[in-house]
Amino acid sequence: MSRLATALRGAAERVDAATPQHRDRAVDALRALAVLGVVLGHWLVTALVADGRTLHTASPLQHMPWLAPVSWTFQTLAVFFLVGGHVATRGYASARALGVPYRRWLRDRLARLFTPVAAVLTLWTAVTAVLLLSGAEYATVRTLAKLALSPLWFLLVFAALTAATPLVARLHPLWPLAVVLHVDLLRFGLGAPDSLGLLNLAAGWLVPYTLGAAWTRGQLEHRRSGWILLLSGTAATAALVAWAGYPASMVGVPGAGVSNLDPPTLAAVTFGLAQCGLALLLRERLREAMRGPVAWAAVALVTLSAMTLFLWHQTALMATTATALTAGRLPGLHTVPDGPGWVAARLVWLPVFLLALAVCVGAFRSWERGGGGRRHGRSRVVRAHRPASKGARHV
């Protein structure tokens, strides 16, 4: 075994030893899979096409609708909200047991969400100003800024649901599901304004969030629950796509009349139910897999940098695209995504995106620990919990 492999193995074993025995590693594994799914999904379906001095977004799903199954694999937001609901309700119950006020609990959770955002906003404010002052096309600047800041919508929804945790902790998932159903009936069946769909931004993601709360209450421990969600969600989604006219793609496609994701439609929500069912069924296998120090260290690394990965992955894509543009229009990077050749070329670019993202993580990971490196507490993933302290943080 080489020295590097030995060193990596030793580091993995130290992370494994530092992890509290009672920690449910399957939760972290599901969170890591959800984050990586979003990152890879965006890298595969987002193209920045160079047209003269202008860059505009395009998607291979526009030209190759047969690629829709890619969105079924990498649109993993429902799993993230499932885990988020589980972790938030469990953490709030723990905080209440220790006498931690709701305001302090919420402040700490929102700080973890929004402190890393400051770095993104600061950098992109400066980049936008420099581009505009240097004479860059307004359309290009708008495209880049919109793409870079697009992950923030997710954080706003997630923050709202987190704030509502005490109210929705015992809400049955059928209630928000019913809201999504009626909103879609009004929009698509009765011609109601599209603005009504904004209700689904909360209701649609509240469905997996409340499933996470049910997980905390112990109501989803039997494998039967996972199978019911998986099979019913799959059947409902297939029926909606086949007979109700919903798009097959579970992400937005530029130029399409209806997006399943913006805002979430009934098809996106039922698809999310199927994903949540599969996630619940995988828990035991993930727990077994996470007993290996190397696998657990990899998951811990992603978990510790989850916000940085999420906030900066689009910037990594755009930085690669802009840098490589100096060499001309390169396939899979600046060209129209209209054929299998583009897909093959894009797969070649993925390691380059990953390298650029690693640079971003190295530069901005400290913000995830509490703001530009000003606070250097031990990781919540590997530190021992101290329940005797009322001011302690909770996962």
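Rules used in this analysis
- Residues numbered from 1 in each chain as written.
- Predicted model: local features only at pLDDT ≥ 70, side-chain atom pairs only at ≥ 80, totals over all residues.
- Heavy atoms only, no water.
- Helix = DSSP H or I, 4+ residues; strand = E, 2+ residues; numbered from the N terminus.
- Rg over C-alpha atoms; globule rule 2.2 N^0.38 Å.
- Buried < 20%, exposed > 50% of the residue type's maximum accessible area, 1.4 Å probe, protein only.
- Contact = heavy atoms within 4.5 Å.
- Lys, Arg positive; Asp, Glu negative; His and termini not counted.
- Charge placed at Lys NZ, Arg CZ, Asp CG, Glu CD.
- Phe/Tyr/Trp six-rings, centres within 6.5 Å; stacked < 30°, edge-to-face > 60°.
- Lys NZ or Arg CZ within 6 Å of the ring centre and 35° of its normal.
- Polar contact = N/O pair within 3.5 Å; in protein donor to acceptor, adjacent residues only side chain to side chain.
- Salt bridge = Lys/Arg side-chain N within 4 Å of Asp/Glu carboxyl O.
- pLDDT = per-residue confidence, 0-100.
- Expected span 1.5 Å × (residues − 1).
- Bend = angle between axes of the 7 residues up to and from the residue.
- Core = buried A, V, L, I, M, F, W, Y, C linked by side-chain atoms within 4.5 Å.
- Arc of directions from axis to C-beta.

A look at the overall build of the protein chain
- Broken down by element type, the protein chain carries 17 helices and two strands.
- Computed over C-alpha atoms, the radius of gyration of the protein chain comes to 22 Å, within 12% of the 21 Å expected from 2.2 N^0.38 for 395 residues, which places it in the range of a compact globule.
- With the C-alpha coordinates aligned to their principal axes, the bounding extent of the protein chain is approximately 65 × 60 × 45 Å.
- Burial status across the protein chain gives 51% buried among its 395 residues.
- Sequence-distant contacts, at least 24 apart, represent 79% of the contacts inside the protein chain between residues at least 6 apart.
- In the protein chain, which carries 37 positive and 15 negative side-chain charges, the distance between the mean positions of the two groups comes to 10 Å.

Some thoughts on the packing of aromatic side chains
- One pass over the full model with this rule turns up 15 aromatic pairs.
- Joined through ring pairs, the aromatic side chains of Phe80, Phe81, Trp153, Phe154, Phe158, Trp205, Tyr209 and Phe310 make up one cluster.
- Directly above the ring of Trp215 sits Arg283, whose terminal nitrogen or CZ lies 5.1 Å from the centroid.

Structural notes on the side chain of Thr210
- Looking at the secondary structure, you find Thr210 in helix 11 (residues 199-216).
- Side-chain polar atoms of Thr210 contact the backbone oxygen of Val207, separated by 2.9 Å.
- Not counting chain neighbours up to four residues away, the residues in contact with Thr210 comprise Val168, Leu171, Pro173 and Pro176.

Here's the deal with unusual backbone geometry
- The residue after Asp262, namely Pro263, is reached through a cis peptide bond having omega 0 degrees.
- Tracing the backbone shows Pro263 in the loop between helix 12 (223-243) and helix 13 (266-281).

Notes on the pattern of salt bridges
- One pass over the structure, following the stated rule, counts seven salt bridges.
- When the shortest N-O distance is used, the salt bridge between Arg287 and Asp24 registers 3.0 Å. Of this pair, Arg287 sits in helix 14 (residues 283-289) while Asp24 sits in the loop between helix 1 (3-18) and helix 2 (25-45), and the two are 263 residues apart along the sequence.
- Classification of Asp24 as buried rests on a relative accessible area of 18%.
- Salt-bridge contacts for Asp108 lead to Arg107; the nearest nitrogen and oxygen are separated by 3.6 Å.

Thoughts on the confidence of the model for the protein chain
- When pLDDT is averaged along the protein chain, the result is 89, and 93% of the positions lie at 70 or above.
- Confidence, read as mean pLDDT per element, is least for helix 1 in the protein chain (78) and greatest for helix 13 (98).
- Within the model, pLDDT remains below 50 along residues 373-379, and this stretch shows eight contacts once partners closer than five positions in the same chain are excluded.
- With pLDDT under 50 throughout, residues 384-395 is counted as low confidence; its partners more than four residues away or in other chains account for 30 contacts.

Quick notes on the environment of Leu240
- One can find Leu240 in helix 12.
- In this structure, the C-alpha to C-alpha distance between Leu240 and Ala267, residues 27 residues apart in sequence, is 6.2 Å.
- Leu240 has contacts with Gly245, Tyr246, Leu266, Ala267 and Thr270, leaving out every residue within four places of it along the chain.

Regarding the side chain of Asn260
- Relative to the elements of secondary structure, Asn260 occurs in the loop between helix 12 and helix 13.
- In contact with Asn260, not counting residues within four places along its chain, are Tyr246, Pro247, Ser249, Met250, Thr265, Ala267 and Ala268.

Focus on helix 6 (residues 102-133)
- In a regular helix each residue adds 1.5 Å, so 32 residues correspond to 46 Å; helix 6 covers 45 Å between its end C-alpha atoms and thus fits that length.
- The sharpest bend along helix 6 reaches about 35 degrees and sits at Arg112, with the proline Pro116 one to four residues further on.
- Regarding helix 6, the residues found buried are Trp105, Leu106, Asp108, Arg109, Arg112, Leu113, Pro116, Val117, Ala119, Val120 and Trp124.
- Those residues of helix 6 that are buried lie in contact with helix 5 (77-97), helix 7 (138-149), helix 8 (152-163), helix 9 (165-168), helix 16 (306-324) and helix 17 (340-368).
- Following helix 6 by one or two positions, Gly135 adopts a phi angle in the positive range, close to 90 degrees.

Focus on the nonpolar core
- Membership of the largest hydrophobic core comes to 100 residues, with the highest contact counts inside it found for Leu311 and Leu357.
- When residues of this core are assigned to their parent elements, the largest contribution, twelve residues, is made by helix 2.
- Excluding its chain neighbours within four sequence positions, the residues that come into contact with Leu311 are Pro116, Val117, Val120, Ala148, Leu152 and Leu155.

Here's the deal with helix 12
- Here helix 12 is 21 residues long and its end C-alpha atoms lie 30 Å apart, about the 30 Å a rise of 1.5 Å per residue gives.
- The set of residues buried in helix 12 consists of Ser225, Gly226, Leu229, Leu230, Gly233, Thr237 and Leu240. Buried residues of helix 12, seen end-on, are gathered within an arc of 125 degrees and therefore sit on one face of the element. Facing away from the buried side of helix 12, by more than 90 degrees, are the exposed residues Arg224, Ile228, Leu231, Ala242 and Trp243.
- Buried residues belonging to helix 12 abut helix 11 and helix 13.
- Where helix 12 terminates, the next one or two residues include Gly245, which has phi positive at roughly 85 degrees.

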